[in-house]
Amino acid sequence: MSKHCETFEHTADVGLKASADTLGELFEALAEGLADFICRREQVKTKETITIEARGDDIEALAVEFLWKIMDTIQTNRKAVAAVRVMKIEPNLVHAQVDCEPLNPARHETGTEVKAVTYHMLEVREVEGRWAGQVLLDI
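Chemist: Tell me about the side chain of E101, residues and numbers included.
Modeler: Summarising the element assignment, E101 is placed in strand β4 (residues 93–102). Within the local environment of E101, its side chain forms a polar contact with the side chain of R107, the two groups lying 2.5 Å apart. Setting aside chain neighbours within four positions, we find E101 in contact with Q43, V44, K45, K47, E48, R78, K79, A80, R107 and H108.

Spelled out as C-alpha cells, the structure:
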C-alpha cells in the first residue's frame with residue numbers, strides 16, 4: 001500500500017490593501033479596514049475611547065502588531081470599532097485611540113471571524129511621497 005498527500009488551493013484568507021498620505025494614516029486605514037471586515041463601522045456609535053500601543057522590530061512588524069491589537073480589541077474585548085486615530089508613530093512604536101462601543105449582537109451585524117493577521121505578502125512602503133500597505137488576514 002502506498003501513501004499520497006497533496007496540497008490544494010484554499011481561499012481562507014482576505015487581503016487588505018491601503019494607501020495614505022502619511023504612515024499614521026496608513027495604519028489607521030488598515031485598522032479601520034480590519035474593523036469593517038469584522039463589523040461594519042457605520043453601525044457603531046462612539047461610547048468610549050480606548051488607547052492602544054503596539055511595538056515592533058521594524059515598520060512591517062509594527063503594522064502586524066498594531067492590527068493584532070485592533071483585532072484583540074474587537075474579538076477578545078468585544079468592542080465594535082467606529083474609528084481609529086494614530087496619535088504618535090515612530091519606527092518601532094505606535095499609539096492610537098480607538099473610538100468604540102460594546103459589541104451588541106442585536107445592533108451590530110458581524111462578519112467573518114479573523115483568526116490571525118499574517119506576515120504573508122505583508123508590505124508597508126513609501127512610494128513617491130505616499131504610503132502603501134497590504135496584509136493578509138487568516139479567516
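Chemist: Summarise the sheet that holds strand β3 (residues 79–90); cite the residues concerned and give the values.
Modeler: In space, the three strands of this open sheet follow the order β2-β4-β3, with antiparallel pairing throughout. Looking at strand neighbours, the two that pair on one side only are β2 (48–55) and β3, the edges of this open sheet. Strand-to-strand, the axes of this sheet are offset by a mean angle of 25°, without reference to chain direction. Each of β3 and β4 touches helix α1 (residues 23–38); the most contacted strand, β3, lies at about 160° to it. Running over the sheet, helix α2 (residues 59–75) touches β2, β3 and β4 and is turned about 145° from β2.

Chemist: Give me the pattern of salt bridges: which residues, what numbers.
Modeler: All told, the structure shown has 11 salt bridges when counted by the stated rule. Taking the shortest distance from any N to any O, the salt bridge between R41 and E32 comes out at 3.6 Å. Residue R41 is classed as partly exposed on the basis of its relative accessible area, which comes to 23%. E32 gets classed as buried once you look at its relative accessible area, which sits at 17%. Several salt bridges converge on common partners, so that one network encompasses E32, D36 and R41.

Chemist: Go over the side chain of D99 with me, naming the residues and quoting the values.
Modeler: Relative to the helices and strands, D99 resides in strand β4. Classification of D99 by relative accessible area gives buried; the value is 12%. Of note is the side chain of D99, whose polar atom sits 2.4 Å from the side chain of R85. In contact with D99, other than residues within four places in its own chain, are T46, E48, T49, A80, V81, A82, A83 and R85.

Chemist: With reference to specific residues and values, describe the pairing of β3.
Modeler: Bridge analysis of β3 against β4 gives 10 bridges, and the strand direction is antiparallel. Its bridge partner being in β4, R85 is matched across the sheet by Q97.

Chemist: If you had to explain α2 to someone new, which residues and values would you point to?
Modeler: Helix length check: α2 (17 residues) gives 24 Å between terminal C-alpha atoms against 24 Å at 1.5 Å per residue, within 8%. For α2, the set of buried residues is A61, L62, A63, V64, F66, L67, I70, M71, T73 and I74. At the N-terminal end of α2, a side-chain oxygen is found 3.1 Å from the backbone nitrogen of E60, two or three residues along, and the residue is D58.

Thresholds, definitions, all that
Residues numbered from 1 in each chain as written. Predicted model: local features only at pLDDT ≥ 70, side-chain atom pairs only at ≥ 80, totals over all residues. Heavy atoms only, no water. Helix = DSSP H or I, 4+ residues; strand = E, 2+ residues; numbered from the N terminus. Polar contact = N/O pair within 3.5 Å; in protein donor to acceptor, adjacent residues only side chain to side chain. Contact = heavy atoms within 4.5 Å. Pairing = 2+ DSSP bridges. Axes fitted to C-alpha atoms, helices over the stretch in contact; angles between N-to-C directions. Salt bridge = Lys/Arg side-chain N within 4 Å of Asp/Glu carboxyl O. Buried < 20%, exposed > 50% of the residue type's maximum accessible area, 1.4 Å probe, protein only. Expected span 1.5 Å × (residues − 1).

So yeah, pure geometry; function would need other evidence.
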